[in-house]
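Fold and contact review
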Amino acid sequence: MKTVLSIGGSVLVPDLDAGRVSDYADVVESLAAAGHDLGVVVGGGPTAREYIGAARSLGANEGELDQLGIDTTRLNARLLLAALDEDLASPTVPTNYEEAAESLHRDRVVVMGGVVPAQTTDAVSAALAEYVDADRLVFATSVPGVFDADPEEDPDAGRYEEMTASDLVELVASGESLGSAGSNAPIDLLAAKVLDRSGIEAVVLDGTDPEAVERAVLDNDYEGTRITPDYD
Ligand code: UTP
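Residues numbered from 1 in each chain as written. Predicted model: local features only at pLDDT ≥ 70, side-chain atom pairs only at ≥ 80, totals over all residues. Heavy atoms only, no water.

In the vicinity of the ligand lie 26 residues, with Gly9, Gly44, Asp66, Val116 and Thr121 positioned nearest. Asp66 places a side-chain nitrogen or oxygen 2.6 Å from an oxygen atom of the ligand. Between the ligand and Val115, the relevant distance is 2.9 Å, taken from an oxygen atom to a main-chain nitrogen or oxygen of the residue. Those elements that place two or more of their residues in the shell around the ligand are α1 (9-12), α3 (45-57), α4 (62-83) and α6 (121-131). When the residues that make up the shell around the ligand are grouped by side-chain class, the tally is nine nonpolar, 15 polar and two charged. (Near = heavy atom within 4 Å. Polar contact = N/O pair within 3.5 Å; in protein donor to acceptor, adjacent residues only side chain to side chain. Helix = DSSP H or I, 4+ residues; strand = E, 2+ residues; numbered from the N terminus. Nonpolar A, V, L, I, M, F, W, Y, C, P; charged D, E, K, R; others polar.)

Note that Thr141 resides in strand β4 (residues 136-141). You can call Thr141 buried: its relative accessible area is 12%. Residues Thr141 and Val11, 130 residues apart in the sequence, show an inter-C-alpha distance of 6.3 Å. Among all residues touching Thr141, those that are not within four sequence positions of it are Val11, Val204, Leu205, Asp206, Gly207 and Thr208. Of note is the side chain of Thr141, whose polar atom sits 2.7 Å from the backbone oxygen of Val143. (Buried < 20%, exposed > 50% of the residue type's maximum accessible area, 1.4 Å probe, protein only. Contact = heavy atoms within 4.5 Å.)

To continue, consider the sheet that holds strand β1 (residues 2-7). Pairing is mixed across the open sheet formed by seven strands, whose spatial order is β3-β2-β1-β4-β6-β7-β5. In the strand order of this sheet, the two ends are held by β3 (110-112) and β5 (162-164), each with one partner. For this sheet, the mean inter-axis angle between neighbouring strands, taken without regard to orientation, is 20°. Of the strand pairs in this sheet, β1 and β4 are connected by five bridges, and their pairing is parallel. (Pairing = 2+ DSSP bridges. Axes fitted to C-alpha atoms, helices over the stretch in contact; angles between N-to-C directions.)

This next bit is on the side chain of Glu201. Within the secondary structure layout, Glu201 lies in strand β6 (residues 201-206). On the basis of relative accessibility, which here comes to 18%, the residue Glu201 falls in the buried class. A distance of 3.3 Å separates the side chain of Glu201 from the side chain of Arg226, its partner in a polar contact. Leave out the neighbours within four places in its chain, and Glu201 touches Asp135, Arg136, Leu137, Arg226, Ile227 and Pro229.

Taken across its six residues, β6 has five buried, putting it largely inside the fold. Relative to β6, β4 runs parallel, the two sharing six bridges. Across the sheet, Ala140 pairs through a bridge with Leu205, a residue of β6. The sheet contact formed by β6 and strand β7 (residues 224-228) spans four bridges and is antiparallel. When the bridges of β7 are listed, Val203 appears paired with Arg226.

Let us now look at a negative patch on the surface. A grouping of Asp15, Asp17, Asp23, Asp26, Asp209 and Glu211 is seen on the molecular surface, where their side chains present a negatively charged patch. With respect to the helices, strands and loops of the structure, Asp23 is situated in helix α2 (residues 18-33). (Patch = residues over 30% accessible without salt bridge, like charges linked within 9 Å, V, L, I, M, F, W, Y side chains within 5 Å. Areas by Shrake-Rupley, 256 points an atom, 1.4 Å probe, with all protein chains shown as cover. Salt bridge = Lys/Arg side-chain N within 4 Å of Asp/Glu carboxyl O. Lys, Arg positive; Asp, Glu negative; His and termini not counted. Charge placed at Lys NZ, Arg CZ, Asp CG, Glu CD.)

In structure tokens:
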């Protein structure tokens, strides 16, 4: 089974804790040992936000800030790579989907970060899943799924157990203002659109516990939101 695993930066590196990165590397290794062909996409998290915040106050423009964000996602990807068995993972961080696909083709676990400005690693994950014909995309985020309102602000917010990709597009589009570097949406609009056109099944779940992510990928056992193709 070919799986793309998107690990939010706030999930992998909420602070710089080597133990947490190592726990995630164990999960990646166990999924690979179970026969999954794995593409892993890592976000920038608080590191990206801090650098972007500082550079914004220094006068950098949005494109430059995005590039800084991309660099921090790649930094986090390198951190995860440092914890992975070197016989298992491709030693470099691909900077495009073609390179990533080539490594996957050579049976290597691929770990990558951002690619181009004006998006987040949500979109990278969806585009990678599409490019390599993944069977499934699992978003390990800091929220337990897709909600009909912001659960941090609205106590009545409800989680979708399941929704179609086109419904996700509508939901994200209705709530999303034009994002700027470092902004935070559950899954970005571009990612939702790529899921919609590619028909790849996705799961959005709370990835705070690496073992929960392992169960989700291995056994399809999770609490979160399943995003289905329209023709499912
Ligand atoms: P993230 O994907 O980490 O954004 O990229 P995020 O929504 O803050 O996610 P978490 O907190 O890690 O879960 C960080 C920033 O890097 C830039 C954007 O500015 C983004 O906000 N970026 C990332 C890009 O411009 N292009 C990419 O392909 C990836």
